[in-house]
Amino acid sequence: MKKNVTSLALGFLAVMPGISNAMSAQESRLAGQAMHCAAIFSVLAQAFSNDPGKGPRFSKGLDVLTDVYLKEQPSPSDPGVLAAAAQRRSEAVKQLHAAWPSQGAPLREDGVMCGAWVEGFLGQGDRYQFIPVYPKVVAPHIRGQYQTLLEEAMRR
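What you are looking at is a predicted structure, and each value in this text was computed from that prediction instead of being measured.

Caption draft 1: View of the overall build of the chain. Per the secondary structure count, the chain includes six helices and zero strands. Put simply, the chain runs from its N terminus to its C terminus through helices and strands in the order α-α-α-α-α-α. The burial tally for the chain puts 44% of its 156 residues in the buried class. The contacts in the chain between residues at least 6 apart in sequence include a share of 71% that link residues at least 24 apart. As presented, the chain carries roughly 8,900 Å² of accessible surface, and 56% of it is formed by carbon and sulfur atoms.

Okay, structure coming up:
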C-alpha cells in the first residue's frame, strides 16, 4: 500500500512540470488549473463529440474552463488573448498525449478532479455565478462517472 501511494505521489510530481510551465509564465494558479482541465475536457469533447449525452456537456465544460482562464488574463477582452488561449490549450493537449503512456494513472485522476470541478460549474445552470473551489474530495457518483472517461477518450 505504501509503495502504491509513493508511486502515485511520484507520478503526480512527474506531471506537475507540465502544469508548472504553464503557471511559470505569469499565470495565476486558477488560470493554470483551468487550462490543464480545459486540455482534459478538450480531449473528452473531441472523443465524445458524436455522443448526444456526453458531447455537449464536455463542450460546455471546455467553454466554461476557457472562460475562467480568459478572465484570469490581464486583458481578457483582447482579441489576441482568445487565440493565445486556444494555442496554449492545443499545446497542453499535446503534452497530455505525450505523458499518457507513462503517466496514465495520475492523468486519469486529474480527469476525475477536473470532472468534479466542472460539475460544480455546470450545476449552476447556463451561466455560472461563482467559481467553485477546486475539489479535494470527489463524490462517489462523480468519481464513477469520470474514472474511465479520459482513458476511453485517449484510446480513440
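Caption draft 2: Seen up close, the nonpolar core. With 43 residues, the main nonpolar core has Phe41, Leu44, Phe58, Leu65 and Leu150 as its most contacted residues. Those elements giving two or more residues to this core turn out to be helix H2 (29–47), helix H3 (55–71), helix H4 (79–122), helix H5 (140–146) and helix H6 (149–155). With 15 residues, the top contributor of residues to this core is H4. Ignoring any residue separated from it by four or fewer positions in sequence, one finds Leu150 in contact with Ile40, Val43, Leu44, Trp100, Leu107, Arg108 and Gly111.

Caption draft 3: The packing of H3 against H4, seen in detail. Closest axis-to-axis distance for the H3/H4 pair is 11 Å, and the angle between their directions is 120°. In terms of orientation, H3 and H4 fall into the oblique class. When the axes of H3 and H4 are compared, the crossing they make is right-handed. For the pair formed by H3 and H4, the contact residues are Arg57, Lys60, Gly61, Leu62, Val64, Leu65, Thr66, Val68, Tyr69 and Leu70 on the first element and Val81, Leu82, Ala85, Arg88, Arg89, Trp117, Val118, Glu119, Phe121 and Leu122 on the second. For the contact of H3 with H4, the residue count by class is 13 nonpolar, two polar and five charged.

Caption draft 4: Layout of the environment of Asp110. Tracing the chain through its elements places Asp110 in helix H4. Measuring from C-alpha to C-alpha, the distance between Asp110 and Gln147 comes to 9.4 Å, with 37 residues separating the pair along the chain. A polar contact of 2.9 Å, which involves the side chain of Asp110, links it to the side chain of His36.

Caption draft 5: Broad picture of the state of the cysteines. Counted by the stated rule, this structure contains one disulfide. One disulfide in the model links Cys37 with Cys114; its S-S distance is 2.0 Å. Between Cys37 and Cys114 the disulfide shows an S-S torsion of about -70°. By sign, it is left-handed. A residue pair is termed long-range when its members are at least 10 positions apart, and Cys37 in helix H2 and Cys114 in helix H4 qualify at 77 residues. Here Cys37 and Cys114 have matching classes, each one buried.

Caption draft 6: Structural detail: H2. End to end, H2 covers 27 Å across 19 residues, agreeing with the expected 27 Å (1.5 Å per residue, within 8%). Where burial is concerned, most of H2 is hidden: 16 out of the 19 residues are buried.

Conventions we followed
- Residues numbered from 1 in each chain as written.
- Predicted model: local features only at pLDDT ≥ 70, side-chain atom pairs only at ≥ 80, totals over all residues.
- Heavy atoms only, no water.
- Helix = DSSP H or I, 4+ residues; strand = E, 2+ residues; numbered from the N terminus.
- Buried < 20%, exposed > 50% of the residue type's maximum accessible area, 1.4 Å probe, protein only.
- Contact = heavy atoms within 4.5 Å.
- Areas by Shrake-Rupley, 256 points an atom, 1.4 Å probe, with all protein chains shown as cover.
- Core = buried A, V, L, I, M, F, W, Y, C linked by side-chain atoms within 4.5 Å.
- Axes fitted to C-alpha atoms, helices over the stretch in contact; angles between N-to-C directions.
- Parallel < 35°, antiparallel > 145°, perpendicular 65-115°, else oblique.
- Left-handed = near helix turned anticlockwise from the far one by under 90°.
- Nonpolar A, V, L, I, M, F, W, Y, C, P; charged D, E, K, R; others polar.
- Polar contact = N/O pair within 3.5 Å; in protein donor to acceptor, adjacent residues only side chain to side chain.
- Disulfide = S-S within 2.5 Å.
- Expected span 1.5 Å × (residues − 1).

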